[in-house]
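Commentary on secondary and tertiary structure
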Amino acid sequence: MSNTAFIDLIINGNRYNINVSKETTLLEVIRDVIGLKGTKRGCDEGHCGACTVILDGKAVNSCITLAYLVNHKSITTIEGLSKNGELNPLQRAFIDEGAVQCGFCTPGMILSAKALLDENKNPNEDEIKEAISGNLCRCTGYARIIKAIKRVADGEYK
């Protein structure tokens, strides 16, 4: 049995056909093979959320997701949120609210929020807290992050 697999992925709307080791994580493919550095390497154990991406509509930790298991899947990284040079409403709200300090957690936090808002257009504060509970932030204290997400949910950003 081969220890490699040929996979076909769609990342931010672009198709990639690559051969990977069966031990290669999705994080390694995104950062090291494709070269998208917005997805951060944090704990490498699925605890911090810095590596969060959206996989077929769900927020997942790419550091513990084996790449060969996501063959034929669609992935969105932080680089895939802006369109035609325009920031996504969540990105703008995070900036406006000061929810970005060191910025290390920001890509994963925004993608967790995006997955929530794609599924639930008007979440309450508890639902927002639950959605970002897998994303650690050591700088902001979360209040500004929650406020930014709520402002987008409330329609303040288009």
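In this section: the side chain of T106. Relative to the elements of secondary structure, T106 occurs in helix α3 (residues 106-119). When sequence neighbours within four positions are dropped, the list of residues in contact with T106 reads F94 and V100.

Taken in spatial order, the five strands of this open sheet run β2-β1-β5-β3-β4, and their pairing is mixed. Two strands bound the open sheet, and with one partner strand each, they are β2 (14-21) and β4 (58-61). Mean inter-strand twist for the sheet, computed between neighbouring axes without regard to direction, equals 40°. Here eight bridges tie strand β1 (residues 4-11) to β2, and the two strands are oriented antiparallel to one another. Residue pairing across strands places F6 opposite N19, the latter belonging to β2. Sheet strands touched by α3: β3 (52-55), β4 and β5 (74-76). Its angle to β3, the strand with the most contacts, is close to 30°.

Attention now goes to the nonpolar core. Counting residues in hydrophobic clusters, the biggest one holds 25 residues, and the most contacted among them are L90, F94, M109, I145 and I149. If you list the elements that add at least two residues to this core, you get α2 (89-97), α3 and α5 (143-153). Considering each element in turn, this core owes the most residues, seven residues, to α3. Leave out the neighbours within four places in its chain, and I149 touches L90, F94, A113, L117, I128 and I132. One finds V20, I34, L55 and I75 within the second-largest nonpolar core, a separate group that totals 16 residues.

Reading guide: rules and limits
Residues numbered from 1 in each chain as written. Predicted model: local features only at pLDDT ≥ 70, side-chain atom pairs only at ≥ 80, totals over all residues. Heavy atoms only, no water. Helix = DSSP H or I, 4+ residues; strand = E, 2+ residues; numbered from the N terminus. Contact = heavy atoms within 4.5 Å. Pairing = 2+ DSSP bridges. Axes fitted to C-alpha atoms, helices over the stretch in contact; angles between N-to-C directions. Core = buried A, V, L, I, M, F, W, Y, C linked by side-chain atoms within 4.5 Å. Buried < 20%, exposed > 50% of the residue type's maximum accessible area, 1.4 Å probe, protein only.

So far we have only geometry, and geometry alone does not tell us how the molecule works.
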